[in-house]
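# Observations on the three-dimensional arrangement
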Amino acid sequence: MLLSELIGPETIEEIAHQLWASLVPTEGVLVPSACALAHLHRASGRITAAVSISGSCDGTVELACSEPLGRAIAAFMFGLPEADLDEAAVTDAVGELANIVGGNVKSLLPPPTSLSIPIVTTGPTASDEGRTASCAVGFDFLGEPALVLVRDASLAPA
Amino acid sequence: MRALVVDDSRAMRALLTNILRGIGAEVVQATDGRDALEQLRRTDALPDLVLIDWHMPEMNGLELVKAVRKDPAWKPMTLMMVTTESEHENMVRALLAGADEYLIKPFTPDALLEKLNLLGVPVPEQALAAVTGG
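Described below are features of the structure shown in this document. Nothing here was measured: the structure is a model prediction, and the numbers come from that model.

### Re the environment of Leu85(A)
Residue and element names in this part refer to chain A. Inspection of the secondary structure assignment puts Leu-85 in the loop between helix 4 (67–78) and helix 5 (87–106). The class of Leu-85 is buried, set by a relative accessible area of 8%. Apart from the residues within four sequence positions on either side, Leu-85 is in contact with Arg-71, Ala-74, Ala-75, Phe-78, Leu-80 and Val-90.

### Things to note about the packing of helix 4 of chain A against helix 1 (residues 10–22) of chain B
It is the contact of helix 4 of chain A with helix 1 of chain B, at a shortest axis distance of 7 Å, that shows an interaxial angle of 45°. Put simply, helix 4 of chain A runs oblique to helix 1 of chain B. For the pair formed by helix 4 of chain A and helix 1 of chain B, the contact residues are Phe76(A), Met77(A) and Phe78(A) on the first element and Arg10(B), Ala11(B), Met12(B), Ala14(B), Leu15(B) and Asn18(B) on the second. Taken together, the residues of the contact of helix 4 of chain A with helix 1 of chain B sort by class into seven nonpolar, one polar and one charged.

### Quick word on the interface of chain B and chain A
Accessible area lost on assembly of the parts is the figure often given for the size of an interface. At the interface, 16 residues of chain B touch 22 residues of chain A. The interface formed by chain B and chain A includes four salt bridges. Two residues, Lys105(B) and Glu96(A), come together in a salt bridge whose shortest N-O distance is 3.0 Å. Summed over the shared surface of chain B and chain A, the result is eleven residue pairs in polar contact (both at pLDDT 80 or more). The residue makeup of the side of chain B that touches chain A, split by class, is six nonpolar, five polar and five charged.

### Notes on the side chain of Glu96(A)
Mapping Glu96(A) onto the fold places it in helix 5. For Glu96(A), a relative accessible area of 4% gives the class buried. For Glu96(A), the residues in contact, after removing those within four places along its chain, are Met77(A), Ser9(B), Met12(B) and Lys105(B).

### Overview of the packing of helix 3 (residues 61–70) of chain B against helix 4 (residues 88–97) of chain B
Residues and elements named next belong to chain B. Axis separation between helix 3 and helix 4 bottoms out at 9 Å; the angle between their running directions is 20°. Between helix 3 and helix 4, the angle is such that the two are roughly parallel. Crossing geometry of helix 3 relative to helix 4 is assigned as left-handed. Between helix 3 and helix 4, the residues in contact are Leu-62, Val-65, Lys-66 and Arg-69 and Arg-93, Ala-94 and Ala-97, respectively. The residue makeup of the contact of helix 3 with helix 4, split by class, is four nonpolar, no polar and three charged.

### A few points about the sheet that holds strand 1 (residues 2–6) of chain B
Residue and element names in this part refer to chain B. Reading across from one edge, 2-1-3-4-5 is the order of the five strands in this open sheet, with parallel pairing throughout. Both outer strands of the open sheet, strand 2 (26–30) and strand 5 (101–104), are each paired with one neighbouring strand and no more. The mean angle between the axes of side-by-side strands here comes to 20°, regardless of whether they run parallel or antiparallel. Inspection of the sheet shows strand 1 paired to strand 2 by five bridges, in the parallel sense. Its bridge partner being in strand 2, Arg-2 is matched across the sheet by Glu-26. Across the sheet, helix 2 (residues 33–42) is in contact with strand 1 and strand 2; its angle to strand 2 comes to roughly 130°. Here helix 4 sits on the sheet and contacts strand 4 (78–83) and strand 5; the angle it forms with strand 5, its principal contact strand, is near 145°.

Rules behind the numbers
- Numbers given for residues are sequential positions, taken from 1 along each chain in its written order.
- Working convention: letters from A go to chains and numbers from 1 go to ligands, in the order in which they are written.
- Totals for whole chains, interfaces and linings use all residues, but because this is a predicted model, local features are given only for residues with pLDDT of at least 70 and pairs of side-chain atoms are given and counted only at 80 or more.
- To get the side-chain values, take all heavy atoms of the structure and skip hydrogens and water.
- Only DSSP runs of H or I covering at least 4 residues are called helices, and only runs of E covering at least 2 are called strands; the numbering of each starts at the N terminus.
- The buried label applies to any residue whose accessible area, calculated with a 1.4 Å probe on protein chains only, is under 20% of its type's maximum; exposed applies above 50%, and partly exposed to all values in between.
- Contact between two residues is taken to exist if any of their heavy atoms lie within 4.5 Å; hydrogens are not considered.
- In this description, a line fitted to the C-alpha atoms serves as the axis of each element, helices being fitted only across the stretch in contact, and the angle between N-to-C directions of two axes falls anywhere from 0 to 180 degrees.
- Should an angle fall under 35 degrees it is called roughly parallel, over 145 degrees roughly antiparallel, and 65 to 115 degrees roughly perpendicular, with every other angle called oblique.
- Only Asp, Glu, Lys and Arg are considered charged, only Ala, Val, Leu, Ile, Met, Phe, Trp, Tyr, Cys and Pro nonpolar, and every remaining residue, Gly among them, polar.
- Salt bridges, as used here, are contacts in which a Lys or Arg side-chain nitrogen is within 4 Å of a carboxyl oxygen on Asp or Glu.
- Think of a polar contact as two N or O atoms within 3.5 Å of one another; within protein, one of them needs to be a possible hydrogen donor and the other a possible acceptor, and neighboring residues in sequence only count if both atoms come from side chains.
- Left-handed describes a crossing in which the near helix is turned anticlockwise from the far one by less than a right angle; the clockwise case is right-handed.
- We treat two strands as partners when DSSP finds at least two bridges between them.

On their own, these measurements won't tell you what the molecule is for.
Rendered as structure tokens:
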């Protein structure tokens, strides 16, 4: 069974809005995923966190955001000024957000399914990420972009 | 009130710690189930409340709940799962293993304080009023 048959953009939007309301200091506005992706490509820095789902469906859930948005999220979660955060704190915070999105996606899939720990990378990733994703949902946080991608395992970039 | 926050994410530990310190709790942290058990065995001042993530390396949250509930001396501790694991079957497993409450991530601080209040954990009136609008 394909992940994309069970998880659509509406589901991701709902999960992400709950996440933003809980853990992000500013409200995320839904934008076309292509806009968020283009904005991420232009951003000076970006952070991508991915969790793998395996079992009844195989695939990945990724959360990418600009580095300033990642720092703002980390500052909120740690309760510290951005200047006091090291890079590990920022990647941990973005990784936890991906873990939460992935966990909520997993709960909607037929058992058995398991979720990997998040893998966080900084800097550009595969340039065709929007094209190969089976579901992509973009958000804007006062000019800072975020993108949630769901990929079926068969579509994951090599 | 003393609390132990068990989560492999630094950011989530910090978030939960800040919320609990906001209601006057003394908070210590553990990075996984094994770390939590070691701290519980060493301490002279057991926590009143333990917040436990499910998916962690070394020892997961469900295993920690089972281990804690095996020791009668630890029975007074209130155990709350705070996790993305929201499958009904797993929630039941955790509660049957001895967890007292279950909170699914993402959560708001208000949701956590409401759960604590329901468990009888002392939450200052001012903080609770902010949650309930009272």
